[in-house]
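An overview of the molecular structure
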Amino acid sequence: MSAPSSWRDEVVGLIPALRAFAWSLSHNAADADDLVQDSLIKAWTNREKFEPGTNLRAWLFTILRNTYYSQILRRRREVRDETGEYAGTLKSPATQDWSIAMRALQAALQKLPAEHREALILVGAAGLSYEEAAEICGCALGTIKSRVNRARARLLKIMDAEDATDLMALETVAVAARG
């Protein structure tokens, strides 16, 4: 097989056998034709990798088989949804409201005195005990408790709420009004 035309002629002569093998894998004439076409494109693109004197039929059948299994793996990851019906069911909850609430909380925390903010973050956000927070801040246990209490009260006032549950209620009402 020195001439490309004889290689091409041998490949063309194997198309019926390739199509029969493709049909045996896919059990669908249109899919078999597509599979043979994809395999022939791959074979033609990589014809320089074929070693003359070896079994062309086995080489083409291997390409076809590997192409088939690659398509199967790809189809497992894909969802057929020509009408868009499945895509219409996919929804993710809005995160903008939580982002806005987080920015508002960060802004309110910045309005607190540094020692109150520190105490509130250590106890409220970091989950430390009052004793641990007092040790970290280098002050008495009662001082930390007082700072946390004052920080909570001031934070609620800044955020225009009577207690912590009001903040969540206000957020829920805002979300319901937008939705």
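In this report, the structure presented in the accompanying data block is examined. Here the structure is a predicted model, which is why all the values come from computation and not from measurement.

As enumerated under the stated definition, the model contains 0 disulfides in all. A disulfide-free cysteine, Cys137 has its sulfur positioned 5.1 Å from the sulfur of Cys139, the nearest such atom.

Quick look at the packing of helix α6 (residues 114-125) against helix α8 (residues 141-158) now. Axis separation between α6 and α8 bottoms out at 8 Å; the angle between their running directions is 100°. For the element pair α6 / α8, the angle class is roughly perpendicular. In this structure, α6 uses Glu115, His116, Ala119, Leu120 and Val123 to contact α8, whose residues at the interface are Ile144, Arg147, Val148, Arg150, Ala151, Arg152 and Leu155. Class assignment for the residues of the contact of α6 with α8 results in 7 nonpolar, 1 polar and 4 charged.

Let us now look at the packing of aromatic side chains. Summed over the entire model, instances satisfying the criterion amount to 5 aromatic pairs. Ring geometry for Phe50 against Trp59: centres 5.2 Å apart, planes inclined by 50°, an arrangement best described as tilted. Exposure remark for Phe50: the relative accessible area of 7% places this residue in the buried category. Ring geometry for Tyr68 and Tyr69: centres 5.2 Å apart, planes at 70°, overall edge-to-face. Given a relative accessible area of 14%, Tyr68 falls into the buried group. Take Tyr69: its relative accessible area is 41%, and that puts it in the partly exposed class. Taken together, the ring pairs connect Trp7, Trp44, Phe50 and Trp59 into an aromatic cluster.

Thresholds applied
Residues numbered from 1 in each chain as written. Predicted model: local features only at pLDDT ≥ 70, side-chain atom pairs only at ≥ 80, totals over all residues. Heavy atoms only, no water. Disulfide = S-S within 2.5 Å. Axes fitted to C-alpha atoms, helices over the stretch in contact; angles between N-to-C directions. Helix = DSSP H or I, 4+ residues; strand = E, 2+ residues; numbered from the N terminus. Parallel < 35°, antiparallel > 145°, perpendicular 65-115°, else oblique. Contact = heavy atoms within 4.5 Å. Nonpolar A, V, L, I, M, F, W, Y, C, P; charged D, E, K, R; others polar. Phe/Tyr/Trp six-rings, centres within 6.5 Å; stacked < 30°, edge-to-face > 60°. Buried < 20%, exposed > 50% of the residue type's maximum accessible area, 1.4 Å probe, protein only.

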